[in-house]
Amino acid sequence: TTLQHIAQEAGATRGAIYWHFKDKPDLFNAMMERVTLPLESATREASAANEDPLAGIEQVMVQALNLMVTDPQVRRVFEVATHKVEYTDEMAPVLQRHRSARNECVTDFVHALQHAPSRAGIELPIPVKTAAYGLHAVISGLIQDWLLEPGAFDLVPAGRHLFNVYLAGLGFERRAGAE
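Just so it is clear, the structure is predicted and the values come from calculations on it, not from any experiment.

Enumeration over the complete set of coordinates arrives at two salt bridges. Measuring nitrogen to oxygen at the nearest pair gives 3.6 Å for the salt bridge that ties Asp 52 to Arg 119. With a gap of 67 residues between them, Asp 52 in the loop between α3 (24-49) and α4 (53-70) and Arg 119 in helix α6 (residues 92-120) connect regions that are remote in the sequence. Given a relative accessible area of 52%, Arg 119 falls into the exposed group. For Arg 160, the salt bridge goes to Glu 58, with nearest N and O atoms at 3.5 Å. Taken together, the residues Arg 160 in helix α8 (residues 155-170) and Glu 58 in helix α4 connect sequence positions 102 residues apart.

Quick look at the structure:
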């Protein structure tokens, strides 16, 4: 789409759009920050405040999945970000933002997965960073699949279940109440 199309859809002039945003990537990244910054800060708070790092990750994951299901704005932003963006040269800053967000999430998972095995008395069967990338792939892939057809499965229970199955594959025994 063009900034002219965006302005028309917003009921504004192109000049008004340029007053607030220098270009399309700037507008796109501002849209993303409105929905992702709260989740990113919640991830850091949960991992810092929680004695059980895996429970902290699960708490933030469930919060994010619930937002995806219940907040139409969050869902629309993620639909655009995952299914409707083309990484042209013009959109290179958007690709960089996606990579940065992914890398920050993986870093948070690495920190959690560095401490969790010793607490559980296990040794991970794969390197910590590989496990962190795998966990990210499970969660982000689940969200992307759900966005293709939101009625196909119940996102939050599926997310909880897959999270725990993935952790079991790494050797963690989760509490009996975890689904």
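Next comes the rest of the account.
With their axes 9 Å apart at the nearest point, α4 and α8 run at an angle of 155 degrees to one another. Judged by the inter-axis angle, α4 sits roughly antiparallel to α8. As for how α4 packs across α8, the hand of that crossing is right-handed. Listed contacts from α8 to Leu 54, Ile 57, Glu 58, Met 61, Val 62, Leu 65, Asn 66, Met 68 and Val 69 of α4 are Leu 155, Val 156, Gly 159, Arg 160, Phe 163, Asn 164 and Leu 167. Classifying every residue of the contact of α4 with α8 gives 11 nonpolar, three polar and two charged.

Our focus in this paragraph is the packing of α4 against helix α7 (residues 128-148). Following both chains from N to C, one finds α4 and α7 inclined at 10 degrees, their axes separated by 11 Å at the closest point. It follows from the interaxial angle that α4 and α7 lie roughly parallel. Here the hand of the crossing between α4 and α7 comes out right-handed. Packed against α4, whose contacting residues are Ile 57, Met 61, Leu 65, Met 68 and Val 69, the element α7 presents Leu 135, Ile 139, Ile 143, Trp 146 and Leu 147 at the interface. When its residues are assigned to classes, the contact of α4 with α7 shows 10 nonpolar, no polar and no charged.

Below, the discussion takes up the confidence of the model for the chain. When pLDDT is averaged along the chain, the result is 80; 73% of the residues meet or exceed 70. Mean pLDDT across the elements of the chain ranges from a minimum in α3, with 58, to a maximum in α8, with 96.

When a protein is soluble and globular, its nonpolar side chains tend to lie buried together. In terms of nonpolar packing, the biggest core is built from 31 residues, with Met 68, Leu 113, Leu 135, Leu 167, Leu 170 and Phe 172 touching the most fellow members. Breaking this core down by element, the ones donating at least two residues are α4, α5 (72-83), α6, α7 and α8. With eight residues, the single largest contributor to this core is α7. Among all residues touching Leu 113, those that are not within four sequence positions of it are Leu 54, Leu 124, Val 128, Ala 131, Ala 132, Leu 170 and Phe 172.

If you check α6, its first and last C-alpha atoms are 41 Å apart, about what 29 residues at 1.5 Å a residue would give, namely 42 Å. The complete set of buried residues in α6 reads Val 94, Arg 97, Val 106, Asp 108, Phe 109, Val 110, Ala 112, Leu 113, Ala 116 and Pro 117. Two residues or fewer after α6 comes Gly 121, characterised by a positive phi angle close to 70 degrees.

The subject of this paragraph is the environment of Pro 53. Mapped onto the secondary structure, Pro 53 falls in helix α4. The spatial distance from the C-alpha of Pro 53 to the C-alpha of Ala 116 is 6.2 Å, given a sequence separation of 63 residues.

The rules behind each value
Residues numbered from 1 in each chain as written. Predicted model: local features only at pLDDT ≥ 70, side-chain atom pairs only at ≥ 80, totals over all residues. Heavy atoms only, no water. Salt bridge = Lys/Arg side-chain N within 4 Å of Asp/Glu carboxyl O. Helix = DSSP H or I, 4+ residues; strand = E, 2+ residues; numbered from the N terminus. Buried < 20%, exposed > 50% of the residue type's maximum accessible area, 1.4 Å probe, protein only. Axes fitted to C-alpha atoms, helices over the stretch in contact; angles between N-to-C directions. Parallel < 35°, antiparallel > 145°, perpendicular 65-115°, else oblique. Left-handed = near helix turned anticlockwise from the far one by under 90°. Contact = heavy atoms within 4.5 Å. Nonpolar A, V, L, I, M, F, W, Y, C, P; charged D, E, K, R; others polar. pLDDT = per-residue confidence, 0-100. Core = buried A, V, L, I, M, F, W, Y, C linked by side-chain atoms within 4.5 Å. Expected span 1.5 Å × (residues − 1).

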